[in-house]
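So the chains spell out like this:
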Amino acid sequence: MKRSTKFLTAISLSTMVLTSCADLFESRISMLTNGNISNLTSLVVPEVTIDQLDAPAQIFVSQAESSTKINISWSKVDGATSYYLERAVSTAKDVNGRFICPEESEFKPMPIKRIYATSYEDTILTNPSYSSEEYSFGYFYRVCAENPRLKYESSEYKLSEVAYLLAPPSGVKASRGESTTNIKVTWNKVPGAKYYDIYYSESDTGSGAQYITTINANQNWYNDVVANSLKGKDLYYSVYAKTSANTSVSSALALGYTLQEGAPPQVTGVVVENSRGNTTDKITIKWNPAGDFDYAVYRTSSKDASFTLLRKDGKTNSFTDSKALKPNVYYYYQIQAFKVEGDTKVKGPFSDSGTESKTPAEAFLLVPPSNITVMKNKLDASRCTITFPPVIGSKDYSQDSGLTSDYNNYTYVIYGCDTADGAFTEVGSFDDSTLSKDANGNYSIPITTRNYYKVTTKNGSAESNESEVCAPAPFAASNLECSRAANVGGDANINGVLPVKITWASPKNDVAEGGYYVYRSTNPDSGFKKITDEALMTTSFIDNYDAAKAGVYYYYKVLSLNSLGQGSNYTDAVVGYGALTADQYMREYNKTVMASQKKLKLMHIADDMKKLGKETINGKICGTLSYNAAIDGLGARILMHYTDYAEFYANGDAANGYYFFLNGDTNTSASMDASGNMDGIVTIQGMYPGSISYNNIKIKGGGAAGGSYGIKREGFDGQIEVDWKVGEEGK
């Protein structure tokens, strides 16, 4: 653990008989040895104390060990009584496919905020299924050591590697009528898997599944040689990922079957008919007749690769799908011709029109723009700018499937009204061929100012439903201010940090009818998270952040909202941070004191006779600490003076100025019986202005043994006495 040579405390000279200072330097010292021997070491080599706990040396997380839980464990820390664990979820990967660790502001505490063991089991899923999105996430953890009972400063955080669940195989597919003897099952490999178990069922629910085989994880396919009794039947395959100790949940079911003698031919020419952004609630497909057969129609989508049977039979070579269609989803259709001979259904192969086809039967609904914002023109009140991303089917659509280049030429029609529930009339239409994307991938369209707007998408004569009502966003709030180490009331968190007060004024020349949201981040440019659940109708907010730490800058933004709860104009980020409790103030101040005293040489010399004298050392950033130890009558006097001394920058950045900037004295006087007192005051500038007084610290037996430090924090009334044991608990 980090330890401090805290403050020079006392000298124990009860056994020294000194005739003069010259006697000391000439080593002519008469010593009495019939009692406890104290010497100059007690004065110039302070006792070692715990200042800040060490971080755990290691933290371990499970990777693909369980389908529902992540196990976290860490090294024990001396002096710690508990641990504080946080988790952040990552959905982004780098170019090498590795999960990107989220920013500090993304980490959230576990439900059990104080853990008294060195391990924790984090339940991610209680009802897991192959569709649980949690299987596609990475999980990062960080832990710090604590001892709130003795009020040690919590350790720095130890960050884990990425953790992840044992996921079921995705992308499971089975061949459908491609062979008369076997069905090939394929799937995507699962990170961490060692084996795969393969099952089949004759039920489309997967009930009564039968085990087939287990294969090593270096292979992600299997050829199932189908028994004669199962040939031609619909078989539903599921795959499980396995480790040495656990098995994943089942994958999605994959339909497969073998081709029978006399089976109908593969259906060809499957196309969507006016259903690539031409309709709002249905999709029509057609295909070339393969003969006098029935046709079954199946559907998959960009959201769910499992097959949905839409039509069991029928002789017509077209079908209109209106079953639970959703916006912004690509749908894919495959057709199966079959005939019935007695009690036997003889099926042909699936049409080559799925996602792996060169000409997939891909369709989607015509939808209005979403995520619309309306920006006021500060220079011309009669004009606004409407901003929204391109819709599905456009060449500029951000989530294009990439399977076809059959893009639509859309027209966006903007309607306006002076009331939210009135009659909207057209105020402009814009062909997307005339529009270009901005840096955020959005279209920006200047338009005549109205109180409310709706937007539709037109594809030729077809027009989408109307978008949700949107209104101009109010201008950004003005005069944002955030307290810095100020006395704003409220209780301190477990780290000894008090709340931050955020205040602002209404937007200039505007009104935020819907109130305001407040956002916070540890980065001035990114990572902001909304910290107000409901819109605030006032212009102030107290942030009681339970994870706030001393020495950290927190950046705040405020978003103004219109009457619909919409907004797009944020204030610039402003720094704020909470004041410290008196105890925590002492501990933070002591970091600079510790760093300074470690540089002194005389006080650390083993030979007592060489400890007296003078020296001056420099701060890492600026300033000096002077040291002067001398005999004072039958006792000793040590003077230590700080002049413009600094070791650390605020928030670790020189641009922010000093963390603790010291001027003043920490002196010690002791008599022959090793009792005495400290004196002096150190004034502090920087991140936490104030002062520390040593005038009430008592010396006994060569060390601090009573009294208190006087803590004055700028903005707080009076002086707070902090017990002399603060920082001494680990001696």
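Values in this document were obtained by computation on a predicted structure and should not be read as measured data. (Residues numbered from 1 in each chain as written. Predicted model: local features only at pLDDT ≥ 70, side-chain atom pairs only at ≥ 80, totals over all residues. Heavy atoms only, no water.)

Novice: Which residues make up the sheet that holds strand β13 (residues 182-186), and what are the values?
Specialist: Strand order across the open sheet formed by three strands is β12-β13-β16, with antiparallel pairing between neighbours. Two strands close off the open sheet at either side, each with one partner strand: β12 (173-174) and β16 (221-225). Pairing of β12 with β13, which is carried by two bridges, proceeds in the antiparallel orientation. In the strand pairing of β13, A174 is matched with V185. (Pairing = 2+ DSSP bridges. Helix = DSSP H or I, 4+ residues; strand = E, 2+ residues; numbered from the N terminus.)

Novice: Give me the nonpolar core: which residues, what numbers.
Specialist: One broad trend across soluble globular proteins is that nonpolar side chains are buried collectively. Grouped together as the largest cluster of nonpolar side chains are 73 residues, with contacts concentrated most on I502, W504, Y589, L662 and Y688. In this view, W504 contacts A477, S478, N479, L480, Y516, V518, L536, T538, T539, S540, F541 and V558; residues no more than four positions away in its chain are not counted. By size, the runner-up hydrophobic cluster in this structure holds 53 residues, among which are V61, Y139, I183 and Y196. (Core = buried A, V, L, I, M, F, W, Y, C linked by side-chain atoms within 4.5 Å. Buried < 20%, exposed > 50% of the residue type's maximum accessible area, 1.4 Å probe, protein only. Contact = heavy atoms within 4.5 Å.)

Novice: Pulling in residues and values, what's your account of the side chain of N459?
Specialist: Here N459 shows up in strand β32 (residues 452-459). A distance of 2.8 Å separates a polar side-chain atom of N459 from the backbone oxygen of G277. With sequence-adjacent residues up to four places away left out, N459 is seen in contact with R276, G277, N278, L366, N408, N409 and Y410. (Polar contact = N/O pair within 3.5 Å; in protein donor to acceptor, adjacent residues only side chain to side chain.)

Novice: Tell me about the pattern of salt bridges, residues and numbers included.
Specialist: Note that side chains of opposite charge can pair when their charged atoms are close. Counting across every chain of the model gives 25 salt bridges. Measuring nitrogen to oxygen at the nearest pair gives 3.2 Å for the salt bridge that ties K69 to E121. Note that K69 is positioned in strand β6 (residues 69-74) and E121 in strand β9 (residues 119-123), a separation of 52 residues in sequence. Each of R276, E362 and D406 takes part in a single network of salt bridges with overlapping partners. (Salt bridge = Lys/Arg side-chain N within 4 Å of Asp/Glu carboxyl O.)

Novice: Tell me what's going on with the environment of L639, and back it up with residues and numbers.
Specialist: Among the secondary structure elements, L639 is positioned in strand β44 (residues 635-646). Residues L639 and M678, 39 residues apart in the sequence, show an inter-C-alpha distance of 10.0 Å. When sequence neighbours within four positions are dropped, the list of residues in contact with L639 reads S626, Y627, N628 and N667.

Novice: Pulling in residues and values, what's your account of the sheet that holds strand β34 (residues 472-473)?
Specialist: Spatially, the four strands line up as an open sheet ordered β31-β28-β27-β34, and their pairing is mixed. Of all the strands in the sheet, the pair left with one neighbour each is β31 (443-448) and β34. Sheet analysis places strand β27 (residues 373-376) next to strand β28 (residues 383-388), joined by four bridges and oriented antiparallel. Across the sheet, T373 pairs through a bridge with T387, a residue of β28.

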